[in-house]
Each structure stands twice: as structure tokens, then as C-alpha cells.
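# Structure at a glance
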Amino acid sequence: MMTRSESTRIGLGMMRIATLEPNQIRDLYHGAREAGVKLFDHADVYGGGEHGCERLFGEALELSSSEREQIVLQTKCGIRPGVPGFDFSAEHIIRRAEESLEALRTEYLDVLLLHRPDTLVEPEEVAQAFDALESSGKVRSFGVSNHTPRQIDLLKMNVSQPLKVNQVQFGLGHAALVAQGVAANMEGLEQSTNRDGGLLEYSRINGITLQAWSPYQRGFFNGLIFDHPELSKLHRVLDKLSKEYATTPTSIATAWITRHPAKMEVIVGTTKASRLHEAVAGAEITLTRAEWYELFEAAGYQIP
Ligand SMILES: NC(=O)c1ccc[n+]([C@@H]2O[C@H](COP(=O)([O-])OP(=O)(O)OC[C@H]3O[C@@H](n4cnc5c(N)ncnc54)[C@H](OP(=O)(O)O)[C@@H]3O)[C@@H](O)[C@H]2O)c1
């Protein structure tokens, strides 16, 4: 029998800790650990371009080596800090990863993700950076974020390490990842437009873990699904299922993501440990097929 701490697929996103005091960061971290959360998701650009949230986290926690070994520290690079655009040059990747180590006060990253695709990417340069970071023991594994299958294939031409993770936005308020496939081959239906090149199936076929970012946001930061005025039908179904499962809408919205057989991880961005406990509880609920599709339809998606 697995304990919660061995099984939860909930991670804590650190993008919103910039406004927290050090004692609040400690409370959030310890609350997360009590809930069984091991994965902590950072980026070099959270909290301002220069490793702001990473630094707050590192300074507030000063993790012991035994505690450090029990968690998964993940960060991202590749967005140019403070200016538009992206940079997947070897120099940029190595420098930013090394700066992240210093800010987080750790000797290694468990996972480094390339944050958003750089169309000027030279896969050889990414390979050079990953090889240097891996051989020096500074990064243990690698992945991407917001990448399409063909962008991953392009990287794989030169990168020898497995790309284990792709972090993409997914949830009831932004379900394009699954919605296109549900309505495949439907003429004149916006939902049928293939924008990501079959990312869901590609990830399952290639053993890439999808991580769902901003799981409770509607679109790209257009408000929360729980009180969005255009989602009253979804609110009714979330409330109904919350009563049936004696839980909360946050738990049900999380269960909707973890129910998918792609076995996604969910990167929750709360600053409150109590909300994270709700997410962890949700990941333990297995919705029926009927409930899953009812929520999907209530969120405004079409089922042909
Ligand atoms: N790879 C990428 O491109 C990318 C992009 C964006 C984010 N991310 C990652 O994803 C993580 C999560 O993103 P996110 O913070 O946007 O996700 P989120 O978990 O959907 O949103 C968290 C925000 O929603 C609020 N919230 C959640 N449930 C609520 C409820 N029931 N009632 C009221 N407020 C509620 C939280 O407030 P409270 O703090 O009060 O709970 C917090 O402000 C980030 O921290 C980051 O690690 C990655």
C-alpha cells in the first residue's frame, strides 16, 4: 500500500510566493510536505526576471541535505528576463541554471525545463548545455514546457537525455489538450482545430509526463473557474459532485485532471496549504467516465 507521499501527483507552483513573508513561505512549504507534496515548481523568471521567487524560497527554507533529498526541485529557463523573446543558447541555459542553483541554495536541480519554445533554437546548443549540466551533477533530468511534439522531436535530434516532462496549461478552464481530440474531424467547429500537433497522444506514446499548469484558471489568466461569470453550468456540476463526494470544487476540478489516463501531474499555484490539501484529496478521487464528460461539457466543450 502506497502512502500519500509516495503517490500524490500534485506539485506546488512557486510563481505566486513573491508577496509572501519568509514565515508564510515556510508555513506553505511545511503544509505542502504534510499533504504529501514532493514536487516544487519554480522558474528563473518568477517574481521578477532575476530568480526572485527562487531566492525567496532558498532564503526562507535553507533546506537540510536530508530534506533536500526528499523533494523534487524543478525550475525552468529560456525566457529572456525583462525583455521579449527566448534564448536556448548553451551560454544562456547554463548560466541561468547555475544562477538558479545559487538562488535556491542547492547543489543540484532534480529537473530543468525549457520554459517556452525558442524558434531560434539550435538543438546542438541545447545538447551542449544539457551535457555540461548533467556531467557536472548540477541537473539530474530535463524536460520542456509549452512544447509541441515536433518541437520536442527537433530537440531530440541532438539531445541525448530523455525529455521526461512537458508542462502545459490544462484544466477545466483551458482544456484544449483534450478538447480537440474529442471533437476531431468536425467541420466548422473551432474546438476541432488542431493547435498542438497531437500533444496528448504523443506524450502518452513517448512516456512524457504532462504537468498541468494554472489548473484552475480560465484561459490565459482570465479569472478563476470557480467564480467565472461565464461558467455557471460548470459551477452547478462542481457543486453537485462536491456534495456527492463530500468534498470541495477544488478537489473535483483536480480530480478531473488526474482522472485522465495520461497520469498528469498538477502544478497548483496556491499560497495556502489548506487549498493544497484540497488538491491532494481531489487527486485521490476517481471520477466515473460519465462524471468526467459531464464536467467537460459543463465547462463549455462540445461532445459530438
Ligand atoms: N510553464 C508555464 O508556462 C507556466 C505558466 C504559468 C504557471 N506555471 C506554473 O503553474 C503554477 C500554478 O499556476 P497558477 O498559480 O496560475 O495556478 P492555479 O492553481 O490555477 O491558481 C492559483 C491562484 O488561484 C487562486 N485560487 C485557487 N483556488 C481558489 C479558490 N477556490 N478560491 C479562490 N482563489 C483560488 C489562488 O489563491 P490562493 O493563493 O489564495 O489559494 C492563487 O492565486 C505556477 O506557480 C507555476 O509554477 C507554469
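Below you will find a few notes about this structure. Computed from a prediction, not measured in an experiment: that's the story for all the values here. (Residues numbered from 1 in each chain as written. Predicted model: local features only at pLDDT ≥ 70, side-chain atom pairs only at ≥ 80, totals over all residues. Heavy atoms only, no water.)

Okay, the site of the ligand next. Lining the immediate environment of the ligand, one finds 27 residues, of which R16, D41, T270, T271 and K272 sit closest. One of the side-chain N or O atoms of D41 is found 2.6 Å from an oxygen atom in the ligand. Side-chain polar atom of T250 to a nitrogen atom of the ligand: 3.5 Å apart, as the coordinates give it. For the ligand, the accessible surface in isolation is 920 Å², of which the surrounding protein chains cover 87%. (Near = heavy atom within 4 Å. Polar contact = N/O pair within 3.5 Å; in protein donor to acceptor, adjacent residues only side chain to side chain. Areas by Shrake-Rupley, 256 points an atom, 1.4 Å probe, with all protein chains shown as cover.)

Further remarks concern the packing of aromatic side chains. Where two aromatic rings form a pair, the distance of their centres and the angle of their planes describe that pair. If you walk through the whole model with that rule in mind, you get 14 aromatic pairs. Feature note: the residues F170, W256, W292, Y293, F296 and Y301 constitute an aromatic cluster, connected by ring pairs. Sitting over the ring of Y108, R68 keeps its end group 3.9 Å from the ring centre. Just above the ring of Y108 sits the side chain of R140; from NZ or CZ to the centre is 3.6 Å. (Phe/Tyr/Trp six-rings, centres within 6.5 Å; stacked < 30°, edge-to-face > 60°. Lys NZ or Arg CZ within 6 Å of the ring centre and 35° of its normal.)

A word on the nonpolar core. Membership of the largest hydrophobic core comes to 85 residues, with the highest contact counts inside it found for F40, I93, W256 and L295. Setting aside anything within four residues of it in sequence, one finds L295 in contact with L172, L234, V237, L238, L241, I252, W256 and L287. (Core = buried A, V, L, I, M, F, W, Y, C linked by side-chain atoms within 4.5 Å. Buried < 20%, exposed > 50% of the residue type's maximum accessible area, 1.4 Å probe, protein only. Contact = heavy atoms within 4.5 Å.)

Here the focus is the pattern of salt bridges. Taken as a whole and assessed by the stated rule, the structure comprises 16 salt bridges. Across the pair R33 and E67 runs a salt bridge whose closest N-O atoms are separated by 2.8 Å. Placement of R33 in helix 2 (residues 22-34) and of E67 in helix 4 (residues 65-70) is noted, with a sequence separation of 34 residues between them. You'll find R33 and E67 in the same group, each marked buried. With a closest N to O distance of 3.5 Å, R55 and E102 form a salt bridge. Here E102 lies in helix 5 (residues 90-104) and R55 lies in helix 3 (residues 52-61), a separation of 47 residues in the sequence. A cluster of three or more residues bridged by salt bridges with shared partners is formed by D44, E50, E91, R95, R96 and E99. (Salt bridge = Lys/Arg side-chain N within 4 Å of Asp/Glu carboxyl O. Helix = DSSP H or I, 4+ residues; strand = E, 2+ residues; numbered from the N terminus.)

The next subject is the pairing of strand 6 (residues 163-169). Of all the 7 residues making up strand 6, 6 are buried; the element is thus mostly covered by neighbouring parts of the structure. In this structure, strand 5 (residues 139-145) lies alongside strand 6, joined through 3 bridges in parallel fashion. When the bridges of strand 6 are listed, S145 appears paired with Q167. As a crossover connection, the stretch from strand 5 through helix 7 (residues 149-156) into strand 6 is right-handed. Where strand 6 meets strand 7 (residues 209-213), 5 bridges bridge the pair, whose relative direction is parallel. Among the inter-strand pairings, N166 is bridged to a residue of strand 7, identified as L210. (Pairing = 2+ DSSP bridges. Right-handed = clockwise from strand over helix to strand, strands pointing away.)

Looking now at the packing of helix 10 (residues 232-244) against helix 13 (residues 289-298). At a minimum axis distance of 8 Å, the contact between helix 10 and helix 13 shows a crossing angle of 155°. Between helix 10 and helix 13, the angle falls in the class roughly antiparallel. For the pair formed by helix 10 and helix 13, the contact residues are K233, L234, V237, L238, K240, L241 and E244 on the first element and E291, E294, L295 and A298 on the second. Across the contact of helix 10 with helix 13, the residue classes tally to 6 nonpolar, no polar and 5 charged. (Axes fitted to C-alpha atoms, helices over the stretch in contact; angles between N-to-C directions. Parallel < 35°, antiparallel > 145°, perpendicular 65-115°, else oblique. Nonpolar A, V, L, I, M, F, W, Y, C, P; charged D, E, K, R; others polar.)

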